[in-house]
Every structure is written in structure tokens, then in C-alpha cells.
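One letter stands for each residue in the lines below.
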Amino acid sequence: MPLSEHEQKLLEQMERALYAEDPKFATQMKGSHRGTIGGRRAGIGIAVAVLGLGLIIAGVSLRLVWLGGIGFAVMVAGVAWAFTPTRTSKEAPEAPAAATATSARVRRRQARPSKQGGSSSFMQRMEDRWDDRRGSQGR
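Values in this document were obtained by computation on a predicted structure and should not be read as measured data. (Residues numbered from 1 in each chain as written. Predicted model: local features only at pLDDT ≥ 70, side-chain atom pairs only at ≥ 80, totals over all residues. Heavy atoms only, no water.)

Q: Account for the packing of helix α3 (residues 39–61) against helix α4 (residues 65–83), with residues named and values stated.
A: With their axes 7 Å apart at the nearest point, α3 and α4 run at an angle of 165° to one another. Here α4 runs roughly antiparallel to α3, going by the angle between their axes. When the axes of α3 and α4 are compared, the crossing they make is left-handed. For the contact of α3 with α4, the per-class residue count stands at 18 nonpolar, 6 polar and 1 charged. (Axes fitted to C-alpha atoms, helices over the stretch in contact; angles between N-to-C directions. Helix = DSSP H or I, 4+ residues; strand = E, 2+ residues; numbered from the N terminus. Parallel < 35°, antiparallel > 145°, perpendicular 65-115°, else oblique. Left-handed = near helix turned anticlockwise from the far one by under 90°. Nonpolar A, V, L, I, M, F, W, Y, C, P; charged D, E, K, R; others polar.)

Structure follows, in C-alpha cells:
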């Protein structure tokens, strides 16, 4: 069932807000492949999963626990391979114009050095979000 014009506008507005709030997360969720899995990749993954299942059956019938464990690992790896989309080296899709502006939280995070060297702490991110909310309510 297609969305009404009003629902489409709301959806676009929510997408722009998501890009503005967290562009990295929005880009990861959108993806460049839209969830498609190649037939060849799925075929190879399923074949590996069947091979793993065969190893499990062989391990049970020969009473070799280690062979069954290896078979289980191979089966899980095959299923994971089959249903994980491939990553492409293409650039991420363009963010909407509203998302290209850097938010105050990101500017503060870049200006303030982190205590841990690499990434800011969970509490610091929560404080930044709280400050952003408090600042946006007064506007």
C-alpha cells in the first residue's frame, strides 16, 4: 500500500532529522546496497553451511565431539557469509542539505579534547546531548 503525500513528507522530514542528528548512523542504516544479497554469495554460503551440517552429522555418528564443534562453526560461518551483504567501496550516499550543517554538539566534541585520547566517554556524550536539548528548548 503506497504512502499518502502527507506520510511521505513526514518520512522525508524524519530522514532529514536523522541525518542532522547522527549522519554516520544514518549512512550506515541506509547503505549503498539496500539489503540485497548476491546470488553467488548466498549460494557459496549455503554450500558451506551444508558442509558444516555434514561435519556435525559425521561428528555425531563417529562420536567425535571436536568434529561436531568444527562442523557447527563452519555451518554458522556459512550462514553468516550467505546472509551478510557485501560491502562496496563506493562512497556513501549524499546526505540531505539539512544534514550537512555541523551541529553544535559535534563542534563542541571536536573542539574539546577527549580524556581518553581516542573517543569521548559515554557520560560526556550524554552531557552533550542534554546540553543540546536544553539549548534547543530556549529557542
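Moving on, there is more to tell.
Q: Tell me about the packing of aromatic side chains, and name the residues and values.
A: Across all of its chains, the model carries 0 aromatic pairs by this definition. The ring centre of tryptophan 81 lies 3.7 Å from the NZ or CZ of arginine 41, which sits over that ring. (Phe/Tyr/Trp six-rings, centres within 6.5 Å; stacked < 30°, edge-to-face > 60°. Lys NZ or Arg CZ within 6 Å of the ring centre and 35° of its normal.)

Q: Let's hear about unusual backbone geometry: which residues, and what values?
A: With phi around 55°, arginine 63 is a residue other than glycine that occupies positive phi space. The exposure class of arginine 63 is exposed, given its relative accessible area of 76%. (Buried < 20%, exposed > 50% of the residue type's maximum accessible area, 1.4 Å probe, protein only.)

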